[in-house]
Amino acid sequence: MNDEAWMRLAIAEGCKGVGKTAPNPAVGAVVVKDGILLGSGWHRAAGRPHAEREALVNVLGSHGPEAARGSTIYVTLEPCSTFGRTPPCTQGLIDAGVARVVYACTDPAPAHSGRADAMLEAHGIQVRAGVLADEAFSLIRPFAKWIACGLPWVIWKCAMSLDGRITRPPGESRWLTGEAARADVQRLRAEVDAVLTSGETVRRDHPALTIRDADFAGGRDQPWRVVFTDKPESLPREAPLFSDRWCERTLIRPCGDLEASLRNLAADQGVRCALVEAGGVFSSALVEAGLIDEIVVYYAPMLCGGPVPALAGNGLPAPHRLTDIRFEALGDDLKLRARILRTQMGSGCKS
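Everything in this summary refers to the structure shown in the same document. (Residues numbered from 1 in each chain as written. Predicted model: local features only at pLDDT ≥ 70, side-chain atom pairs only at ≥ 80, totals over all residues. Heavy atoms only, no water.)

## A closer look at the side chain of Thr197
Here's step 1: With respect to the secondary-structure elements, Thr197 resides in strand β7 (residues 194–198).
Here's step 2: Using a relative accessible area of 0% as the deciding quantity, one classes Thr197 as buried.
Here's step 3: Only 2.8 Å separates the side chain of Thr197 from the backbone oxygen of Glu277, close enough to count as a polar contact.
Here's step 4: Residues within four places of Thr197 in sequence aside, it is in contact with Val202, Leu209, Val226, Val227, Phe228, Leu241, Glu277, Ala278 and Phe282. (Helix = DSSP H or I, 4+ residues; strand = E, 2+ residues; numbered from the N terminus. Buried < 20%, exposed > 50% of the residue type's maximum accessible area, 1.4 Å probe, protein only. Polar contact = N/O pair within 3.5 Å; in protein donor to acceptor, adjacent residues only side chain to side chain. Contact = heavy atoms within 4.5 Å.)

## Considerations on the nonpolar core
Here's step 1: Judged by nonpolar contacts, the single largest core of 38 residues is most densely connected at Met7, Ile73, Tyr74, Val101 and Leu120.
Here's step 2: Of all elements in the fold, only α1 (3–15), β1 (28–33), α2 (51–63), β3 (72–77), α3 (89–96), β4 (100–105), α4 (116–121) and α5 (133–149) reach the threshold of two or more residues within this core.
Here's step 3: By residue number, the principal contributor to this core is β4, which donates 5 residues.
Here's step 4: Once residues within four sequence positions are removed from consideration, Val101 is found in contact with Ile73, Pro79, Leu93, Leu120, Ile125, Gln126, Val127 and Arg128.
Here's step 5: With 31 residues, the next largest nonpolar core counts Val276, Ala310, Ala338 and Ile340 among its residues. (Core = buried A, V, L, I, M, F, W, Y, C linked by side-chain atoms within 4.5 Å.)

## Here's the deal with a nonpolar patch on the surface
Here's step 1: Residues Leu322, Ile325, Phe327 and Leu334 make up a contiguous nonpolar surface patch of about 360 Å² in total accessible area.
Here's step 2: The leading source of residues in the nonpolar patch is strand β12 (residues 322–330), at 3 residues.
Here's step 3: Here Leu334 lies in strand β13 (residues 333–340).
Here's step 4: We classify Leu334 as partly exposed; its relative accessible area is 36%. (Patch = residues over 30% accessible without salt bridge, like charges linked within 9 Å, V, L, I, M, F, W, Y side chains within 5 Å. Areas by Shrake-Rupley, 256 points an atom, 1.4 Å probe, with all protein chains shown as cover. Salt bridge = Lys/Arg side-chain N within 4 Å of Asp/Glu carboxyl O.)

Given below as structure tokens:
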């Protein structure tokens, strides 16, 4: 296997941490020697060992204290070089006797960015950077956006009919999509640190907005549930967001300055990635303000003519083009996932 193939294994390790590591990024690592995989690891939570140290501990437990000496480690993010809640990974690699470090993305944090190479090379360790950087960047995109502009990465999720409606006519089933699409939403919620909704959605639908699938909920807190409303007194206190076992994970924020509220969520709650599950008016406000970075749309194969459109705002000031477009069939439904293309590629910040 070549460097790219090993890095794909490291990326797969990093994917295990998505949604669990805020305010840190998700990172994966694998240790290889003589073409043999010795160990692997991923960052499990803020304050826990980083992926490199997890992988080295895995090698130690499986092969003994000297096994990592002379090995190559593949890491999705440049190894950190300063003390934080955990010691620097560069020193850990030096102490383990690693001979070569291959990483995908340069760390966007100014305290670390570009520092690892010189530190490692000063101890005779070979370094190769940028291997599968574009693929690995998907793991750190929310972290990179926060570093660049203090805002979380925001995903707009919507289930709609082919005529752009998110509700069916009165008297029909409440569901547009099938079970496979609804199960996929559980996976999507597990990727984020917060779910954003509107007061109108809470009053109308009484949503729970929790991760209910144990396969995705394990090892992490429920995401913050953030209700945007200028009429908090009208919210139904019997709704799940205010009465279930996770009610302390529910926040109320005003609708006036959405960008300021998102900045506060990033600063105060450590939110790096947020999911929007709301009606057309609130969703449109976020889209029109340039605060949406990614969309996930579940298309149901029907023309339902329901009363509520997916987007019900004043119209976009300019077209929003999409990139990194992916389609997936989920039962009879079709899932579209794509990023909004911006002038400042990579950061996700408003141009």
